Structure formats: C-alpha cells, structure tokens
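Report on the structure
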Amino acid sequence: MARKGSGEKTRGKLLNAAIDLVRIEGYSAMRVEDVCARAGVSKGAFFHHFLGKEDLAAQAADRWRVNANALFAGAEFHEAETPLGRLLAYVEMRKALLSGEVYEYCCYAGTLVHDTYDSLPELAAGGAQAIDEHAASLEVDIAAAADAAGLRDFDARGLARYTQVVVQGALTLAKAEGGNATALKAFDHLKTYLELLFGPGSRLAN
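The structure reproduced in this document is the subject of the present report. Residue numbers run consecutively from 1 along every chain, following the written order of its sequence. Given that this is a predicted model, residues contribute local features only at a pLDDT of at least 70 and side-chain atom pairs are listed and counted only at 80 or more, while totals for whole chains, interfaces and linings are drawn from all residues. Note that water and hydrogens are dropped before the side-chain values are worked out from all heavy atoms of the structure.

**Here we look at the overall build of the protein**
Numbering goes from the N terminus for both helices and strands, where a helix is a DSSP run of H or I of at least four residues and a strand is a run of E of at least two. When its secondary structure is counted, the protein shows eleven helices and zero strands. Mapped in sequence order, the helices and strands of the protein form the string α-α-α-α-α-α-α-α-α-α-α. Dimensions of the protein along its principal axes, counting C-alpha atoms only, are 65 × 40 × 30 Å. Think of it in three bands: residues with accessible area under 20% of the maximum for their type are buried, residues over 50% are exposed, and the middle band is partly exposed, with areas taken using a 1.4 Å probe on protein chains only. Taken across its 206 residues, the protein has 44% of its residues classed as buried. Contacts: residue pairs with any heavy atoms within 4.5 Å of one another. Put simply, of all contacts in the protein between residues at least 6 apart along the chain, 67% involve residues at least 24 apart. In the form shown here, the protein has an accessible surface area of approximately 11,000 Å², with 53% of it arising from carbon and sulfur atoms. Asp and Glu count as negative and Lys and Arg as positive, but His and the ends of the chain are not part of the count. To locate a charge, take NZ of a lysine, CZ of an arginine, CG of an aspartate or CD of a glutamate. Separation of charge centres in the protein, based on 22 positive and 27 negative side chains, amounts to 5 Å. Only the protein chains shown count as cover for residues, and all accessible areas are computed by the Shrake-Rupley method using a 1.4 Å probe.

**Here we look at the environment of P200**
Take P200: it is sitting in the segment after α11 (181-198). Once the C-alpha coordinates of P200 and A148 are considered, the two residues, 52 residues apart in sequence, prove to be 9.7 Å apart.

**Observations concerning the pattern of salt bridges**
Here, a salt bridge means any Lys or Arg side-chain nitrogen found within 4 Å of an Asp or Glu carboxyl oxygen. Taken as a whole and assessed by the stated rule, the structure comprises twelve salt bridges. The partner of K43 in a salt bridge is E33, and the shortest N-O contact between them spans 3.4 Å. Taken as a pair, K43 in helix α3 (residues 43-49) and E33 in helix α2 (residues 32-39) lie far apart in primary sequence, ten residues in all. We classify K43 as partly exposed; its relative accessible area is 40%. Residues K191 and E92 are paired through a salt bridge, measuring 2.8 Å at the closest nitrogen-oxygen approach.

**Quick notes on the packing of helix α8 (residues 121-136) against helix α10 (residues 156-177)**
α10 packs onto α8 with a crossing angle of 125° between their chain directions and a minimal axis gap of 8 Å. Relative to α10, α8 is oriented oblique. Like other packed secondary-structure pairs, α8 and α10 cross with a definite hand, here right-handed. Counted together, I131, D132, H134 and A135 of α8 and A160, R161, Q164 and Q168 of α10 form the full contact between these two elements. A class-by-class count of the residues in the contact of α8 with α10 yields three nonpolar, three polar and two charged. Axes here mean lines fitted to C-alpha atoms, for a helix over just the part in contact, with angles spanning 0 to 180 degrees between N-to-C directions. For this classification, under 35 degrees means roughly parallel, over 145 means roughly antiparallel, 65 to 115 means roughly perpendicular, and everything else is oblique. Each crossing gets its handedness from the near helix: less than a right angle anticlockwise from the far helix is left-handed, clockwise is right-handed. Each residue is assigned to one class: nonpolar for Ala, Val, Leu, Ile, Met, Phe, Trp, Tyr, Cys and Pro, charged for Asp, Glu, Lys and Arg, and polar for all the others, Gly among them.

Okay, structure coming up:
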C-alpha cells in the first residue's frame, strides 16, 4: 500500500509539472527532462508511469478536466437564488481566478488545443473535451435564465460555448499582455451582456 501511494504521488507530481510547463512554455517546447526536473523525479520514474511526452500530456488533460469540473461543481456561485444570479456569480468567480503569475491562471486545456490542434489532433481533443464539458455545465442555468426572461427557443448551448470563447480569448490576451487587466474587462463585458439578455426588460423577450 505504501508503494502504491508513493507511486501515485510521483505520478501526480509529474502531471502537475507538465500542466505548469505547458502553460508556461507550450506543449512543443516542453521536454521530458524539464518535467522530471520540475517534479523532482528521475526519468526512470517518469517512464514507469508514462509512455512518453504525448501520453503525459493526454493524462494531464484528463487530470485538468476532472479537477476543473470538481472545482466549479462545488463553487459558491451555485448558491445564488436565481439562474441569472448564478451566471453572474460564475463570471465573478472567473475574475477572482485571475490572480498570481499569468501561467497560474491560464488554461491547460486551451493551451494544449492551441499547440496541437493540427499536429496532434487526438491530443488536442482531450483539451477540447475539458472545455466542452465545462461549457455544458452552464447550459441548465442559461436555459433557466432564458425561460425566466421570457425568451423562447433560446440557444443555451450556443451561449454556454460563447462564454468559453470569452474565457479562452481573455486568457490569450493575458498571455499577450503579461497581465490580467484586459481579461478582467472582458469578463465585465460578459456580465453586462448576460444582464442585457436575461435581466428585467430584456429586449429579446417575446
């Protein structure tokens, strides 16, 4: 049991190191040697757990997806009384996550898709799955907010995916600018858009 626990700890260190390095320098630049150095483990230990760099990145995508789903599923924004309130609180949570070094709040899944969508499409698909699942988690509140605003046949899935367009675009700008100023403004604009869509007196209501 102790050996198994130690092995899982080593595997976790390698996965976390890969997530950090992809967010810092991108998938192409990441080397197995650098992952091992950051994790503080040997290359022998690395190849005990992973077939190689691509396998590591794919398993890291799974880890990122599971952890992200758990983080948002248990978040306080679900406690808001109305669907619109929950959506606005979700955006506030996204803003609150924009702290620390840029790489610390950037998205592993999005970076992986950017770096591998053409060269390694199966690997990119793992990142895309994480983004898609997160978008899908917002659909129920979006549909309920639309219903409360009197909007019929509203494209809840489309808006859920649009929120992730804003998220991924904001994070890309944070990388480009080396800071979160524009990203924070992007989330404020998303809040305004949601309020205009679903708030009192929505102009789109039938």
